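Observations on the model geometry
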Amino acid sequence: MAGPEVGGVSDADALAELAVRRGFYFGAAGAYGGVAGFYTFGPQGAALKRNVEEAWRETFTTRLGNEEIAGPTVMPEAVFEASGHLDGFDDMLVACAECGESHRADHLVEDETDVEDAESLPVPEVENLVADHGIACPDCGAALAGRSVEEFNLMFETTIGPGDGESGYLRPETAQAIFVEFPRLKEYARTQLPFGVTQIGPAYRNEISPRRGIVRTREFTQAELEQFVDPADDDPPLETVADVELCLYPGDEQEREGGAYLTRTVREAVEEGVVESAWVAYFLGVAREWYDRIGVDGDRLRFRQHLAGERAHYASDCWDAESEVGGGVDAATLAADPTAGRWIEIAGFSDRGAYDLSKHAEYGDEPFTIFRQYGEPREVERTTVDPDMSVLGPEYGSRATDVAEALRALAERDPSAFDDESVTVTVDGESVTVASDVANVSVETVTEAGEHVRPHVVEPSFGVDRTVYTLLAHGYREDEVDGEPRTSLALSPAVAPTAVGVFPLVSNDEALVDLAESVARSLRAAGLSVTYDESGNIGRRYRRQDEVGTPLCVTVDHEGREGDGPATVTVRDRDTTAQVRLPAAELADRLTAVVDGDRTFAALREAGAAVE
RNA sequence: GCGCCGUUGGUCCAGUGGUAGGACAUUAGCUUCCCAAGCUAAUAGCCCGGGUUCGAUUCCCGGACGGCGCACCA
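Conventions used here
Residues numbered from 1 in each chain as written. Chains lettered and ligands numbered in written order. Predicted model: local features only at pLDDT ≥ 70, side-chain atom pairs only at ≥ 80, totals over all residues. Heavy atoms only, no water. Disulfide = S-S within 2.5 Å. Helix = DSSP H or I, 4+ residues; strand = E, 2+ residues; numbered from the N terminus. Buried < 20%, exposed > 50% of the residue type's maximum accessible area, 1.4 Å probe, protein only. Contact = heavy atoms within 4.5 Å. Phe/Tyr/Trp six-rings, centres within 6.5 Å; stacked < 30°, edge-to-face > 60°. pLDDT = per-residue confidence, 0-100. Pairing = 2+ DSSP bridges. Polar contact = N/O pair within 3.5 Å; in protein donor to acceptor, adjacent residues only side chain to side chain. Axes fitted to C-alpha atoms, helices over the stretch in contact; angles between N-to-C directions. Left-handed = near helix turned anticlockwise from the far one by under 90°. Nonpolar A, V, L, I, M, F, W, Y, C, P; charged D, E, K, R; others polar.

A few words on the state of the cysteines. Within the structure shown, the criterion is met by zero disulfides. Free cysteine: C247, not disulfide-bonded; nearest cysteine sulfur from C318 at 16 Å.

As structure tokens, then:
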């Protein structure tokens, strides 16, 4: 990788090497030449990813009181027609031979000719149109005739059922699987807003150019929460995160020369209007705390607002969580200009408004609304029209229903029009005048119990793979112990693939081996993920665990078996290499407390006998 | 998708028109009372296809994969 190097290798390279060597992740199907954009998570990576997902679930599903579903990854074409994702499907790109710039061929044709819907034309026809009309590159003016037009699919297409079947697509985001089920999901939420539905699972995008390991892939895992809120009523429980500090990078700061970050609490961000949507600000606060818990370095985390041109078709406002993952800029440069560095998007917080549910209401068979009952039923005056069809029918024949419809529309618009003797409406561009009493207009007082509202959606959407990458990048350490270099991963116990390594101090002593094996068994029985290792020597085993981020190692030595008292063992901390001696019988409880984050190793060390 | 560069055991590298060598890692045995120690041995590799050649891991062409830049990332 280009850029300044640290210690002979840039850290992104070192990380990529560690990921492969230690089984975090590697390119899939290597035996067949590999396939770009697809990765296999090895034993360590799969465990880490699983733990990240579990931690996310704990926060965004359980703690927030939401419900999780699991939808299909393949859905019929109509879903994506409605969602707007299909609009991008037929995009056609043509690259200029002179300047190399790519342009939307269909847009050029629409601009330069009287063809209106070039997007729906077959590729060869668009190529011909480009040639026949002498369309030139908008940037450099070179002729584009003869250049091939490439179809550009970001969604993976497939066929549902045998033969030609029905066209289906692999979902490009997990969100749609939630939106399309809204009519049922609202029932499970007892038709009460606000409510949130989460989903963790794979999404697929046929990227033109996947890059940089698991940062940009064609299959990736999303963890998404769709929060359905009443646009008029609902406020987030802001007080729970009001004092959480956020590093914010709003649009105007990005566009300003020398723009900088703003540090604001969630409450300040809302009060000052830095973040417009209180719901978005609320989720930024929840996310900030979550990132802290799983081990994202707060100094290398920021929330950046999307610029207007950057926003997705569905978003009215969007903030991304971005992490700095190194590999391009050294620490000094970063200190001088925090906005330098290699930032990757790890989550997006969108205000999707009513976009998705409106679209599905339009294309689907359900209204995608929720009925909000009033506290008190309301008496409402409503103008009703019940045209006398026995008069309109003979008079207007097949146009009678259109006339009736026009009368209803007019009544809704302007009830007073029926005050006169006769009333005139326009049907198919023709004026029709009928006697007012034929329309049978009456004003009734009706009782309304509530109204149908279309919820708005606020969506925190997390990229799990990139979060995993961030944890590796932020946890990566190269240091020295007793003059020997050491590589370690400072992963939070909350997500570390292995919680505890258990070793006998030496392997040629049966008593130590037996005790170590029984310690490993008891810790596993207590629900901890444990690695047992007796190969090589103790130092090598510590190093192995350091490299995969195991926070604690238990070593069984002779000293712990001497005397009349119960057996004791030593516990070593990954980050400090400090040790403490504890009774073997208490291990499971003590270590579980550390792994669960209820206790620190330092506290454990104060309570026990420190080992020098 | 375009351009530049690259691809040798699991990892990192050396090397060659006559099919390869190291380091680390791994495994087995010995040793070892706290941080990658030592000894012995073992396992394991030239990305794929085509061409040139008596012979290609090496040279040429194409592809795949990877890195970077451009474009793309709803």
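This part covers the environment of F80. Residue position: F80 is located in helix α3 (residues 77-83). Here F80 falls in the buried class, since its relative accessible area comes to 0%. Excluding residues that lie within four positions of it along the chain, F80 makes contacts with M75, H85, L86, M155, Y169, R171, P172 and Q176.

Attention now moves to the packing of aromatic side chains. For the structure on display, the rule yields 25 aromatic pairs. Ring geometry for Y25 and Y39: centres 6.1 Å apart, planes at 80°, overall edge-to-face. With Y25 in strand β1 (residues 25-27) and Y39 in strand β2 (residues 39-41), this pair connects stretches of sequence that are 14 residues apart. A residue is classified by how much of its surface remains accessible, and Y25, at 5% relative accessible area, is buried. Given a relative accessible area of 30%, Y39 falls into the partly exposed group. Both rings, one in W56 and one in F60, keep their centres 5.0 Å apart while their planes meet at 20°; by these two values the pair is stacked. Taken together, the positions of W56 and F60, both in helix α2 (residues 43-63) and four residues apart, correspond to about one turn of that helix. Look at W56 and you get buried, because its relative accessible area is 1%.

A few words now on the confidence of the model for chain A. With 92% of its residues at a pLDDT of at least 70, chain A reaches an overall mean of 86. Across residues 1-9, confidence stays below pLDDT 50; counting only partners more than four residues off in sequence or on other chains, it has 11 contacts.

With mixed pairing, the nine strands of this open sheet are ordered in space as β3-β10-β11-β21-β16-β15-β14-β12-β13. In the strand order of this sheet, the two ends are held by β3 (67-68) and β13 (262-265), each with one partner. Here 10 bridges tie strand β10 (residues 195-204) to strand β11 (residues 219-229), and the two strands are oriented antiparallel to one another. Looking at β11, one finds that I200 is bridged to A223.

Structurally, T550 is set in the loop between α18 (538-547) and β26 (552-556). Here T550 falls in the buried class, since its relative accessible area comes to 1%. A polar atom in the side chain of T550 sits 2.6 Å from the side chain of Q545. The contact partners of T550, leaving out residues within four places of it in the chain, are T498, A499, V500, G501, Q545 and R574.

Attention now goes to the packing of α2 against helix α10 (residues 278-294). Packed helices, taken two at a time, are described by their axes: the angle between them and the distance between them. The contact between α2 and α10 brings their axes to 11 Å, and the two run at 150°. Crossing of α2 over α10 shows right-handed handedness. Along the contact surface, α2 presents V52, A55, W56, T59, F60 and R63, while α10 presents V286, A287, W290, R293 and I294. Split by residue class, the contact of α2 with α10 holds eight nonpolar, one polar and two charged.

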